[in-house]
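Residues per chain, in single letters:
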Amino acid sequence: MKKIGIMGGTFDPIHIGHLLLGQMAYESFHLDEVWFLPNGNPPHKDAVITEEALEHRVNMVELATENVPYFRMVLYEAKIGTHSYTYETMGKFNKLYPGTQFYFILGADSLFAMEEWAHFREIFPTCIILAAMRDDKDQEDMKEQIAYLHRKYGANIELLRAPLLEISSTTIRRRAFRKQSVSYMVPDAVANYIVQNNLYTEASESI
Ligand code: ATP
Ligand code: MG
């Protein structure tokens, strides 16, 4: 059976936290591939999304994944003007790729927010969730939440062990806005892309 990791996100921009999670999931769960799915609309409330902004996010995911043979960018959710729901995407993927076990990779903030996601119960039968620690959530918090979601919804969730990185796309956008370096927080090609395209130089709510 093929094993595929799914890493969804706004990736505004993609950073080493995302990539390291993909790498650790690949190694620890012996995955065949990890797919990075940039989503169409950022979850930030009232965020204005332009075709251009989406294109930049996609280009950066491409730059960050193109040299890794088992990383793939998948544009299934990268549609302008609509939000793709995880339950829909995962349901579709299960139909499109029979004989594949999907592993949905996420960080602690997402694990603790999942019950607010649309039709979240329908996600659980479609994949094994790999959840990594993040921010103030420690291993005990994670184990409790994993057990709770399993008990309540039959969710199949494993703790994904990865070095803790206190990095977010918000940090990167903020640093770029302040003309600080984002080197070592994103791949070199992404750091160069941000500078060359003057990204995150205008004040906005997401900074
Ligand atoms: P933003 O600051 O814009 O919310 P982000 O860094 O949280 O960006 P997202 O695209 O929102 O990145 O996140 C996609 C997924 O990656 C989420 O499941 C999130 O929990 C996870 N993730 C992002 N950064 C980290 C990190 N440093 N450690 C663990 N998980 C992370
Ligand atoms: Mg986030």
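Predicted model, so just to flag it, every value in this text is computed and none were measured. (Residues numbered from 1 in each chain as written. Chains lettered and ligands numbered in written order. Predicted model: local features only at pLDDT ≥ 70, side-chain atom pairs only at ≥ 80, totals over all residues. Heavy atoms only, no water.)

Trainee: Teacher, can you tell me more about the sheet that holds strand E4 (residues 100-107) here?
Mentor: Whether parallel or antiparallel, the strands of a sheet pair through hydrogen bonds between backbone atoms. The parallel open sheet is built from 6 strands, whose spatial order is E3-E2-E1-E4-E5-E6. Edge positions in the sheet fall to strand E3 (71-73) and strand E6 (157-160), since each of these pairs with one other strand and no more. Looking at each pair of strands side by side, their axes are set apart by 30° on average, direction ignored. Sheet topology note: the strand E5 (residues 128-132)/E6 ladder contains 4 bridges and is parallel. Directly across from Ala-131, in E6, lies its bridge partner Leu-159. Of the strands in this sheet, strand E1 (2-9), strand E2 (33-38) and E4 are in contact with helix H3 (residues 86-96), which crosses E4 at around 155°. (Pairing = 2+ DSSP bridges. Helix = DSSP H or I, 4+ residues; strand = E, 2+ residues; numbered from the N terminus. Axes fitted to C-alpha atoms, helices over the stretch in contact; angles between N-to-C directions. Contact = heavy atoms within 4.5 Å.)

Trainee: For this particular structure, what's the right way to read a negative patch on the surface?
Mentor: Together, Asp-135, Asp-136, Asp-138, Glu-140, Glu-144 and Glu-166 line one region of the surface with negative charge. Along the chain, Asp-136 falls in the loop between E5 and helix H5 (139-153). The exposure class of Asp-136 is exposed, given its relative accessible area of 62%. (Patch = residues over 30% accessible without salt bridge, like charges linked within 9 Å, V, L, I, M, F, W, Y side chains within 5 Å. Areas by Shrake-Rupley, 256 points an atom, 1.4 Å probe, with all protein chains shown as cover. Salt bridge = Lys/Arg side-chain N within 4 Å of Asp/Glu carboxyl O. Lys, Arg positive; Asp, Glu negative; His and termini not counted. Charge placed at Lys NZ, Arg CZ, Asp CG, Glu CD. Buried < 20%, exposed > 50% of the residue type's maximum accessible area, 1.4 Å probe, protein only.)

Trainee: How should I be thinking about the environment of Pro-125 in this particular structure?
Mentor: If you trace the backbone, Pro-125 turns up in the loop between helix H4 (108-113) and E5. We classify Pro-125 as exposed; its relative accessible area is 69%. Separated by 23 residues in the primary sequence, Pro-125 and Tyr-148 place their C-alpha atoms 16 Å from one another.

Trainee: Please explain the site of ligand 1 as it appears in this structure.
Mentor: As a matter of local geometry, ligand 1 sits amid 21 residues, with His-15, Asp-109, Ser-110, Ser-169 and Thr-170 nearest to it. At 2.9 Å from an oxygen atom of ligand 1 is found a side-chain nitrogen or oxygen belonging to His-18. When the free accessible area of ligand 1 is taken as 600 Å², the share hidden by the protein chains comes to 89%. Those elements that provide at least two residues to the shell around ligand 1 are E1, helix H1 (16-28), E4, H4 and helix H6 (169-177). For the shell around ligand 1, the residue count by class is 7 nonpolar, 11 polar and 3 charged. (Near = heavy atom within 4 Å. Polar contact = N/O pair within 3.5 Å; in protein donor to acceptor, adjacent residues only side chain to side chain. Nonpolar A, V, L, I, M, F, W, Y, C, P; charged D, E, K, R; others polar.)

Trainee: Where do I start with the pairing of E4 in this structure?
Mentor: Within a regular beta strand, the side chains point alternately toward one face of the sheet and then the other, so they alternate between its two faces. Of all 8 residues that make up E4, 7 are buried, and the element is covered over most of its length. Pairing between E1 and E4: 6 bridges, direction parallel. Directly across from Lys-2, in E4, lies its bridge partner Thr-100. As for the winding sense of the linkage, the β-α-β connection from E4 through H4 to E5 is right-handed. (Right-handed = clockwise from strand over helix to strand, strands pointing away.)

Trainee: What am I meant to see in the nonpolar core here?
Mentor: Soluble, globular proteins show a tendency: their nonpolar side chains are buried together. Ile-14, Phe-36, Met-60, Ile-105, Leu-130, Leu-160 and Ile-194 are the most contacted members of the largest nonpolar core, which totals 38 residues. Taken together, the elements giving at least two residues each to this core come down to H1, E2, helix H2 (51-65), E3, E4, E5, H6 and helix H7 (188-196). Looking at which element gives the most residues to this core, the answer is H2, with 5 residues. Counting 27 residues, the second largest nonpolar core, distinct from the first, contains Met-90, Phe-102, Ala-108 and Ile-146. (Core = buried A, V, L, I, M, F, W, Y, C linked by side-chain atoms within 4.5 Å.)

Trainee: What exactly am I supposed to notice about the environment of Val-190 here?
Mentor: As for its position among the elements, Val-190 is in helix H7. On the basis of relative accessibility, which here comes to 0%, the residue Val-190 falls in the buried class. Counting along the chain gives 126 residues from Val-190 to Ala-64, while the straight-line C-alpha distance between them is 6.8 Å. Among residues more than four places away in sequence, those in contact with Val-190 are Pro-13, Ile-14, Met-60, Leu-63 and Ala-64.

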